[in-house]
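# Fold and contact review
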Amino acid sequence: MAKIKLPATPSNPLSSPKRPGKKYGPSGVMGHAGEAGVTAVDWIDERTSLSGGLRWAMFRKVPKGTNWFYTLGSATMFAFLSQAVTGVFLAMYYDPSATRAYESIQYINNDVFLGEFVHGMHRWGSSVMVILIFLHMGRTFFFGAYKYPRELNWVIGVALLVMTMTMSFSGYLLPFDQRSYWATIVGVNINGTGPLVGPYLSEFLRAGPYFGATTLSRFYAIHMLMVPGAIAALMGFHLYLVAKLGTTAPPWIKAKPPEELREEKVTVDP
Amino acid sequence: MNKEQKEQYLRDYGTLKSQGKPFFPYAVAKDSAMAIVVMAVIIAMSIVLGAELGPKADPTSTTYTPRPEWYFFFLFELLRVIKPPALVPLATIGVPTICLILLFLLPFYDRGPERRPERRPIATTAGIFVVCAIGYLTYLGAAAGPPTQIDIPVPANVSSQGPEAVANFEAGSQVVAQSGCAACHKFGENGNSGPGPSLTKIGARLPAQAIQRTLLNPSAPMPSFSALSEESPTQFAQMVGFLAALK
């Protein structure tokens, strides 16, 4: 049976149309100046169509009952951002050469304005990020949030965990003091005991069969270019999937369909 | 989950979602509050704990203790728990790799529809067990100090060789202690029992030559002492002599 098409409703039935001859939009210099922000956003949106995606991500609904446990993921991301910003400032003064690394950190600690403070934020921020990522994973595990349809997001999350641990392993060497040097030697040796890829992996990390001058710059490149780039990319995908599939509801919350959608019980008289 | 259960889940989730609140501003407000807490904690830690720098890295030095960052303690402690040398690769790479693969594939073997922790006894028990195991191993790692002192009575066969042998033995004991060997090896009552084998009676098991070879070309994860043998052959010889005298 063909359906009759309804006429489209007017977009805003309450506002009356302008009188003929009157111009649409703001008038006068002040009027245009007041609209400058809107105009600029419109200009960008006309060329990028970003507003739809933004609206989709920001105004999606979050289920009832989500509690403070659900902020752990974004807190981890925030710790990563803090690491990125403090890391950029440290990179301005750090020199990844075996002869100069220790001195450049000393310079950061003793001479640079707020140098030790930013260095400390970066150092302890790594602990905070590791704790947060484990708590976030624990929440996901115990709430069963990795189940259908969010399996892929769990896999990406585990990859992010591994990368976070790689970050802290590669960053540990950079101050180049006794502790970091010897701990890294043992760590690289441990990698070398792995089956098949182990020896190649530790040779790659050391940039050769022995711990040498290029080892430090290799760790530096891994720590500030390779892994952070991968983390940022995977984090973006992780967030996209969260927005796409929605935040999980706590497992003990029962879905109650709204009153008007509930099926009526029809009783038929015999 | 079969198809019916999947559809049921999506239906229930859709209902819950439609009854929820928009992400902005409600969830964003909570996330921002949490971000402020995180920032405050990081700043407080930086101010209170600082960013002290140890002495400069020195490949030839004999005073070091290989100690990872605290959140790697549980991996490091695994080496102590799994002792037999034949199983070391299992501890270093085997167990972590298996755990990691299990972690990656979790949603593919745990496919039940139930999400409430109290109705998933196996998953919840396993999760609590892993949390406790990691916590316990981290505690062990934190408690296992890096001893830098070794008190071992001079063996009779050394003291019978005269005061020079005794002095050499004690100098060697000091080199071994400062080199952090006790972080991974046991010397009588001193040191940690693992990841390395006990060296209390190493002289009875290996001749001095073999000990020297092992020090220069150790099997991982032990670091090599070839730098020490080049920089300071006397100290290296004292180290070998001390170890060979442990009978």
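These numbers come from a predicted model, not from an experiment.

### Considerations on the UniProt feature "transmembrane region" (unreviewed entry) in chain B
- As annotated in UniProt, the feature "transmembrane region" (unreviewed entry) corresponds to residues 33–51, 86–109 and 121–142 of chain B in the numbering used here.
- When the span residues 86–109 of chain B is considered, its composition is 88% helix and 0% strand, and the gap between its end C-alpha atoms is 31 Å.

### Focus on helix H6 (residues 115–142) of chain A
Residues and elements named next belong to chain A.
- When the terminal C-alpha atoms of H6 are compared, their 40 Å separation across 28 residues agrees well with the 40 Å that a helix rising 1.5 Å per residue should span.
- Gly-125 marks the point of greatest bend in H6, at about 25°.
- Burial analysis of H6 places 20 of its 28 residues in the buried class, the great majority of the element.
- Backbone geometry just after H6 places Gly-144 at a positive phi near 60°.

### Considering the UniProt feature "transmembrane region" (unreviewed entry) in chain A
Residue and element names in this part refer to chain A.
- Following the UniProt record, one finds the feature "transmembrane region" (unreviewed entry) at residues 68–94, 124–142, 154–174 and 219–241.
- From the first C-alpha to the last, residues 68–94 spans 38 Å; its make-up is 74% helix and 0% strand.
- Overall, residues 219–241 shows 100% helix and 0% strand. The separation of its end C-alpha atoms is 31 Å.

### Focus on the domain arrangement of chain B
- You can read the domains of chain B as domain 1 (21–52) and domain 2 (156–245).
- Each of domain 1 of chain B and domain 2 of chain B was reduced to a C-alpha centroid, and the two centroids are 50 Å apart.

### Let's talk about the UniProt feature "domain: Cytochrome b/b6 N-terminal region profile" (unreviewed entry) in chain A
- UniProt records the feature "domain: Cytochrome b/b6 N-terminal region profile" (unreviewed entry) at residues 40–251 of chain A, using the numbering of this structure.
- Annotated as 74% helix and 1% strand, the span residues 40–251 of chain A places its first and last C-alpha atoms 44 Å apart.

### Thoughts on the confidence of the model for chain A
- The pLDDT averaged across chain A works out to 88; a share of 91% of its residues lies at or above 70.
- Per-element confidence in chain A ranges from a low mean pLDDT of 79 for helix H1 (residues 28–34) of chain A to a high of 97 for helix H4 (residues 72–91) of chain A.

### Things to note about the interface of chain A and chain B
- Listed by partner, the interface residues are 69 residues for chain A and 63 residues for chain B.
- Mapped by element, the contributors of at least two residues to the side of chain A that touches chain B are strand S1 (61–62), H4, helix H5 (101–110), H6, helix H7 (151–173) and helix H8 (178–192) of chain A.
- Top element by residues in the side of chain A that touches chain B is H6(A). It accounts for 14 residues.
- Across the side of chain A that touches chain B, the residue classes tally to 39 nonpolar, 21 polar and 9 charged.
- Pairing of S1(A) with strand S1 (residues 21–22) of chain B, which is carried by 2 bridges, proceeds in the antiparallel orientation. Its bridge partner lying in S1(B), A:Lys61 is registered against B:Pro22.

### Thoughts on the packing of helix H3 (residues 73–81) of chain B against helix H4 (residues 88–104) of chain B
Residue and element names in this part refer to chain B.
- The geometry of H3 relative to H4 is characterised by a closest axis approach of 8 Å and an angle of 145° between their N-to-C directions. Judged by the sense of rotation from one axis to the other, the crossing of H3 with H4 is right-handed. Residues Leu-75, Leu-78 and Leu-79 of H3 touch H4, and the partners they reach there are Val-88, Ala-91, Thr-92, Val-95 and Pro-96.
- Among the residues making up the contact of H3 with H4, the classes are represented as 7 nonpolar, 1 polar and no charged.

### What to know about the nonpolar core
- Core analysis: the largest hydrophobic core is formed by 51 residues, its most contacted members being A:Ala79, A:Val128, A:Met129, A:Leu132, A:Leu173 and A:Phe176.
- Of all elements in the fold, only H4, H5, H6, H7, H8 and helix H10 (213–245) of chain A together with helix H2 (23–49) of chain B reach the threshold of two or more residues within this core.
- Take this core: its biggest share by element is 11 residues, from H6(A).
- Apart from residues lying up to four places away in sequence, A:Val128 is in contact with A:Ala79, B:Val38, B:Val41 and B:Ile42.
- Ranked by size, the runner-up nonpolar core spans 23 residues in total, among them B:Leu199, B:Ile211, B:Phe225 and B:Phe242.

Rules and cut-offs
- Residues numbered from 1 in each chain as written.
- Chains lettered and ligands numbered in written order.
- Predicted model: local features only at pLDDT ≥ 70, side-chain atom pairs only at ≥ 80, totals over all residues.
- UniProt positions renumbered as here; feature names shortened; annotations may be inferred.
- Helix = DSSP H or I, 4+ residues; strand = E, 2+ residues; numbered from the N terminus.
- Expected span 1.5 Å × (residues − 1).
- Bend = angle between axes of the 7 residues up to and from the residue.
- Buried ≥ 20, exposed ≤ 12 C-beta atoms within 10 Å, placed from the backbone.
- Domains from an automatic or database assignment.
- pLDDT = per-residue confidence, 0-100.
- Contact = placed C-beta atoms within 7 Å.
- Nonpolar A, V, L, I, M, F, W, Y, C, P; charged D, E, K, R; others polar.
- Pairing = 2+ DSSP bridges.
- Axes fitted to C-alpha atoms, helices over the stretch in contact; angles between N-to-C directions.
- Left-handed = near helix turned anticlockwise from the far one by under 90°.
- Core = buried A, V, L, I, M, F, W, Y, C linked by C-beta atoms within 7 Å.

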